Amino acid sequence: MLTVKEPLPADPLPAQTVKLAIEDMTCASCVRRVEKAISAVPGVASARVNLATARADISFDGKVDIAGVAQAVRAAGYGVDEETLEFPVEGMTCASCIARVEKALKAVPGVLDATANLANEHARVRFLRGTVDFDDLAAAVERTGYHALRASTVDAPSDEDRRAAEVAGLRRSLILAALLTAPLFVMEMGSHAVPAFGHYIHETIGMQASRVIQFVLATIVLAGPGARFFRKGVPSLLRGAPDMNALVVIGTAAAWGFSTVATFAPGLLPGGTANVYFEAAAVIVTLILAGRFLEARAKGRTGEAIRHLAGLRATSARVLKDGQPVDVALEAVMPGNIVLVRPGEKIPVDGDVTEGRSFVDESMITGEPMPVERKTGDPVTGGTLNTTGSFSFRATRVGADTVLSQIIRMVVDAQSAKLPIQALVDRVTQWFVPAIIATALVTFGLWYVLGPEPALAHALVAAVAVLIIACPCAMGLATPTSIITGTGRAAELGVLFRQGTALQTLETTDIVAVDKTGTLTLGRPTLTEIVPAEGFERQEVLALVAAAEVRSEHPIALAIHEAAKAEGLELPLADAFEATSGRGISATVAGRRVEIGSIGHMSALGLDTTPFAEVAQRLSGQGASPLYAAIDGRLAALFAVTDPVKPTTREAIAQLKALGIGVAMITGDNRGTANAVAADLGIDQVMAEVLPDGKVAAVKALSQEGSRKVAFVGDGINDAPALAAADTGIAIGTGTDVAIESADIVLMAGDLRGVATGIALSRATMRNIRQNLFWAFGYNVALIPVAAGALYPAFGLLLSPAIAAGAMALSSVFVVSNALRLKRFRPAGAGHGSKEDRT
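Because the structure is predicted, anything quoted here is derived from the model rather than measured.

Focus: the environment of Cys-471
With respect to the helices, strands and loops of the structure, Cys-471 is situated in the loop between helix H16 (455-469) and helix H17 (472-492). By relative accessible area, which is 0% here, Cys-471 ends up buried. Taking C-alpha positions, Cys-471 is 7.2 Å from Ser-811, a pair spaced 340 residues apart along the chain. Once you skip the residues sitting within four places of it in the chain, Cys-471 turns out to touch Met-244, Phe-432, Tyr-779, Asn-780, Met-808, Ser-811 and Ser-812.

Encoded structure:
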């Protein structure tokens, strides 16, 4: 057993220097504070901070704790930015490869975290800006025996091109290996299966000549199509970090080497053991190549969603330059450019219509098949399709800032995530391949000592079978293939997972808490009734209240203002405007003090709303929100505002209940209105009269009721804290940027049915992952003992290395094929089958 000795005090670690970019420094005092903060971190030998370059040169004489340095700098009040870099890594074939690449990247000073993905063959590294560049990361990857590609290089092949080249190369190798293996297999195994055929071979060719022919064919297979395993497996063995390729190398080399000795120097082997296994070596290579070929083709299909989204982009745009339309590359469009769009063309970038009108197919964003009208002042989205008319628009967001680019970025980020469930796989893969090699050695020893004659031949067959049947590839692919396929399918359905980990957290959701305005409802309130108090005229009150509400951006204020405009009322100017969050507003209009707000606001003003109690109760029972107005300190009128429920809301709530999910409504409306809306929609729990800053407390209260997992759905700026506080935050894509940035999931169409779709898809994906992991672990746990000969004492069965190779190849193909079933997922109500998972 190897032991690791602690380093002696006399042999300190060599000093290492790290450069770190520091933000927010403005003077020499800042420099001194930063230097002092960094120097206090354990392991730091010295720190030199340069104000001009905004960098710190940090020397470590102990453990390099760059995260501790960053924390110290931030604690001192200065900024340290993080960056994320993603790039392809060539040569990763199994879970052991993933573990080694991640370990190497995490060891680079300045790296905070690193993940590698076997399904898309990419690595993603999060590091402190200024400490690391791509060359540092590439060098770390190269030292582990893999190759990092610079993703930003213009001439570098795309992922799709690399995948196509890989599949083509595997196809050529497989065909050649199969053509060479077929006669070899017929010569050897045909002789055993059909004795007459064996006699014919011996009489015509001769046993020795037959073995020489088999040697030639097997050697060509191993040196030609099988060379890829040796190119990667041998270096990994020499580095003491064996991978899947190393197992193939040891197994095939053992079978080929033993057979070569039996063919050309049989006297070196014990009597009766000079058998040949050339066909086993060749068949192993051929079957594993077949598995790799099928796996590569299937893995290519997991990324179809990204390729479909990328294919929605236009390739060029028609831009006005000096009054003339000019076709330019998409990359040349700048914010502020006027872009012309003709019928049937894709809209190239995001913008606002400046002239003309048309109907635009926005199904790629909203999922709605019917085109929507777009006229002057309306926004348009890059990647959507103009159908009938022509129009021009001013570009507002281009390049990586467009909605489509952000969607693609979200999907890519989610697909690169490592879920908590992956932790078990990571622990196992650290020792899996070395453990298999150790198991093969023990198997060989036991068979050689205890096995029947010829013991050496039996020992060799069993050891090779153990090496070949083990499949860390399936373990490495089990989680990422399901994540890539599941999040890609979700994007096609308008559900964007901003955080890949939300796939796992959403699955366990017990209750969905929903903001009312703009989420359950259209978010466009309408003034439906005005009940003036005695001594006040309806139009007079409406004009004064509408004038006061002009300064407010609240949807109810807009509804009152629109009602006044519709009646042709002239609105006087208002000043001294004040707003009380969640309660109401006040202003001076034409010399008169106007107050508008909830019953709580009126109570705070010392006004009695009892005269309107019966009317307010009736309106609340109808789902309207009662609002009170006071003029010059007297209660003047009651306003009834109704926000229509979205047409899809009832169906969405029914779908959530069908999934066994509870629904709670959180709203600032009075309890009567809230209860009426909840009763109409079938909502289980109501939390009414909640102020904007009370939504976080409401979410926490829901989660504490039986330790429930809560998903919160909202769309406004005031929903952002609640979105962040919930176990899973779900933002309506038609809402504000702040809400979207605070969420884990974004519903692009603004349709609450997407919540049920997201939960059902999360469950389907997690179930798919567990199926894959069960197969990957169960396969290895069950078949490795069989390969070692566990069935021989009872049944006399010893697994052939060729059969072991076939089983190993099919194991990875099974995992990827199972993940691809998620592409057939259909949301509730979209087809037949169960409401939860149609895969």
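Overview of the packing of aromatic side chains
Scanning all chains against the criterion turns up 10 aromatic pairs. A centroid spacing of 6.3 Å and a plane angle of 45° characterise the contact between Phe-391 and Phe-393, whose relative ring orientation is tilted. According to the relative accessible area criterion, Phe-393 is buried, its value standing at 0%. Ring centres 4.5 Å apart and planes at 35° place the aromatic pair Trp-775 and Phe-814 in the tilted group. Taken as a pair, Trp-775 in helix H29 (residues 753-788) and Phe-814 in helix H31 (residues 801-820) lie far apart in primary sequence, 39 residues in all.

Quick notes on a nonpolar patch on the surface
Taken together, the side chains of Val-442, Leu-446, Tyr-448, Val-449 and Leu-450 make up a nonpolar region of the molecular surface, amounting to roughly 550 Å² of accessible area. Tracing the chain through its elements places Leu-450 in helix H15 (residues 432-450). Residue classification places Leu-450 among the exposed residues on the basis of a relative accessible area of 67%.

Description of the side chain of Glu-362
Along the chain, Glu-362 falls in the loop between strand S12 (358-361) and helix H12 (363-366). You can call Glu-362 buried: its relative accessible area is 10%. Among the polar contacts made by the side chain of Glu-362, one reaches the side chain of Arg-374 at a distance of 3.2 Å.

Topic: the nonpolar core
With 139 residues, the main nonpolar core has Phe-87, Met-92, Leu-105, Phe-497, Val-512 and Val-755 as its most contacted residues. For this core, the element with the highest residue contribution is H29, accounting for 15 residues. By size, the runner-up hydrophobic cluster in this structure holds 41 residues, among which are Ala-533, Ile-560, Ala-564 and Ala-624.

So, the sheet that holds strand S1 (residues 16-21)
Strands sit in the order S1-S3-S2 across an open sheet of 3 strands; the sheet is antiparallel. With one partner strand each, in any of the chains shown, S1 and strand S2 (44-50) form the two edges of the open sheet. Averaged over all adjacent pairs, the angle separating strand axes in this sheet is 20°, with direction ignored. Judged from the 6 bridges that link them, S2 and strand S3 (residues 55-60) form a sheet pairing that is antiparallel. Across the sheet, Asn-50 pairs through a bridge with Arg-55, a residue of S3.

Notes on the pairing of S12
Residues Ser-358 and Val-360 of S12 are buried on one face, while the alternating residues Phe-359 and Asp-361, pointing to the opposite face, are not. In the sheet, S12 pairs with strand S13 (residues 372-374) via 3 bridges, with the strands oriented antiparallel. Each bridged residue has a counterpart across the sheet, and for Ser-358 the counterpart in S13 is Arg-374. For S12 and strand S15 (residues 385-386), the ladder comprises 2 bridges, and the chain directions are antiparallel. When the bridges of S15 are listed, Val-360 appears paired with Asn-386.

Examining helix H7 (residues 207-223)
Along its 17 residues, H7 runs 24 Å from first to last C-alpha, staying within 8% of the 24 Å computed at 1.5 Å per residue. Restricting attention to buried positions, one finds in H7 the residues Ser-210, Arg-211, Gln-214, Phe-215, Leu-217, Ala-218, Val-221 and Leu-222.

What about the sheet that holds strand S9 (residues 324-329)?
Strand order across the open sheet formed by 6 strands is S9-S8-S10-S16-S11-S14, with antiparallel pairing between neighbours. Of all the strands in the sheet, just S9 and strand S14 (379-380) have a single pairing partner and so form its edges. Strand direction decides the pairing type here: strand S11 (residues 350-356) and strand S16 (residues 391-397), joined by 6 bridges, are antiparallel. Looking at S16, one finds that Glu-355 is bridged to Ser-392.

A word on the UniProt feature "transmembrane region" (unreviewed entry) in the protein
Those places that UniProt annotates as "transmembrane region" (unreviewed entry) correspond, in this numbering, to residues 173-192, 212-230, 242-264, 276-294, 431-450, 456-479, 773-792 and 798-816. The span residues 456-479 shows a helical share of 92% and a strand share of 0%, and its end C-alpha atoms are spaced 40 Å apart.

Remarks on the environment of Ala-282
Inspection of the secondary structure puts Ala-282 in helix H10 (residues 278-302). Between the alpha carbons of Ala-282 and Ala-802 there is a distance of 8.7 Å; along the sequence they are 520 residues apart. Residues contacting Ala-282, with those up to four places away along its chain left out, are Thr-181, Leu-184, Val-221 and Leu-222.

Considering the confidence of the model for the protein
Residues at a pLDDT of 70 or more form 89% of the protein, whose mean pLDDT is 81. Taken as a whole, residues 1-14 scores under 50 in pLDDT and shows 4 contacts with residues more than four places along the chain or in a different chain. With pLDDT under 50 throughout, residues 830-838 is counted as low confidence; its partners more than four residues away or in other chains account for 21 contacts.

Quick notes on unusual backbone geometry
In this model, Glu-453 is joined to Pro-454 through a cis peptide bond whose omega is -10°. Of note, Pro-454 is situated in the loop between H15 and H16. Not every positive phi belongs to a glycine, and Ala-576 is a case in point at roughly 55°. Among the structural elements, Ala-576 can be located in strand S20 (residues 574-580). Given a relative accessible area of 44%, Ala-576 falls into the partly exposed group. A positive phi angle is found at Glu-689, which is not glycine, with a value near 55°.

Quick look at the pairing of strand S28 (residues 728-732)
Within S28, 5 of the 5 residues are buried, which leaves the element mostly enclosed by the surrounding structure. What you see with S28 is no split at all: Thr-728, Ile-730 and Ile-732 on one side and Gly-729 and Ala-731 on the other are buried throughout. Of the pairings in the sheet, the one linking strand S27 (residues 710-714) to S28 comprises 4 bridges and is parallel in character. Looking at S28, one finds that Val-713 is bridged to Ile-730.

Quick word on the environment of Arg-124
Structurally, Arg-124 can be placed in strand S6 (residues 122-128). By relative accessible area, Arg-124 is classed as buried at 15%. Within the local environment of Arg-124, its side chain forms a polar contact with the side chain of Glu-86, the two groups lying 2.4 Å apart.

Focus on the packing of H17 against H29
At a minimum axis separation of 9 Å, H17 and H29 run at an interaxial angle of 165°. Taken together, the axes of H17 and H29 lie roughly antiparallel to each other. Where H17 crosses over H29, the two elements pack in a sense that is right-handed. Counted together, Ala-474, Met-475, Ala-478, Thr-479, Thr-481, Ser-482, Ile-483, Gly-486, Arg-489 and Ala-490 of H17 and Leu-761, Thr-765, Asn-768, Ile-769, Asn-772, Leu-773, Ala-776, Phe-777 and Asn-780 of H29 form the full contact between these two elements.

With respect to helix H20 (residues 538-549)
Residue pairs spaced three or four apart in an α-helix point in one direction, given the helix's 3.6 residues per turn. A rise of 1.5 Å per residue sets the reference length of H20, with its 12 residues, at 16 Å; its end C-alpha atoms lie 16 Å apart and thus fit the reference within 8%. Within H20, 9 of the 12 residues are buried, leaving the element largely enclosed by the surrounding structure. Here H20 has its buried residues at Val-541, Leu-542, Ala-543, Leu-544, Val-545, Ala-546, Ala-547, Ala-548 and Glu-549.

Quick word on the packing of H16 against H29
For any two helices packed against each other, the geometry is given by the interaxial angle and the distance between the axes. Taken N-terminus to C-terminus, the directions of H16 and H29 make an angle of 165°; their axes are 8 Å apart at the nearest point. It follows that H16 is roughly antiparallel to H29 by the angle criterion. Considering only the axes of H16 and H29, their crossing is right-handed. Mapping the contact onto sequence places Ala-462, Ala-465, Val-466 and Ile-469 in H16 and Tyr-779, Asn-780, Leu-783, Ile-784, Ala-787 and Ala-788 in H29. Class assignment for the residues of the contact of H16 with H29 results in 9 nonpolar, 1 polar and no charged.

About the thresholds
Residues numbered from 1 in each chain as written. Predicted model: local features only at pLDDT ≥ 70, side-chain atom pairs only at ≥ 80, totals over all residues. Heavy atoms only, no water. Helix = DSSP H or I, 4+ residues; strand = E, 2+ residues; numbered from the N terminus. Buried < 20%, exposed > 50% of the residue type's maximum accessible area, 1.4 Å probe, protein only. Contact = heavy atoms within 4.5 Å. Phe/Tyr/Trp six-rings, centres within 6.5 Å; stacked < 30°, edge-to-face > 60°. Patch = residues over 30% accessible without salt bridge, like charges linked within 9 Å, V, L, I, M, F, W, Y side chains within 5 Å. Areas by Shrake-Rupley, 256 points an atom, 1.4 Å probe, with all protein chains shown as cover. Salt bridge = Lys/Arg side-chain N within 4 Å of Asp/Glu carboxyl O. Polar contact = N/O pair within 3.5 Å; in protein donor to acceptor, adjacent residues only side chain to side chain. Core = buried A, V, L, I, M, F, W, Y, C linked by side-chain atoms within 4.5 Å. Pairing = 2+ DSSP bridges. Axes fitted to C-alpha atoms, helices over the stretch in contact; angles between N-to-C directions. Expected span 1.5 Å × (residues − 1). UniProt positions renumbered as here; feature names shortened; annotations may be inferred. pLDDT = per-residue confidence, 0-100. Parallel < 35°, antiparallel > 145°, perpendicular 65-115°, else oblique. Left-handed = near helix turned anticlockwise from the far one by under 90°. Nonpolar A, V, L, I, M, F, W, Y, C, P; charged D, E, K, R; others polar.

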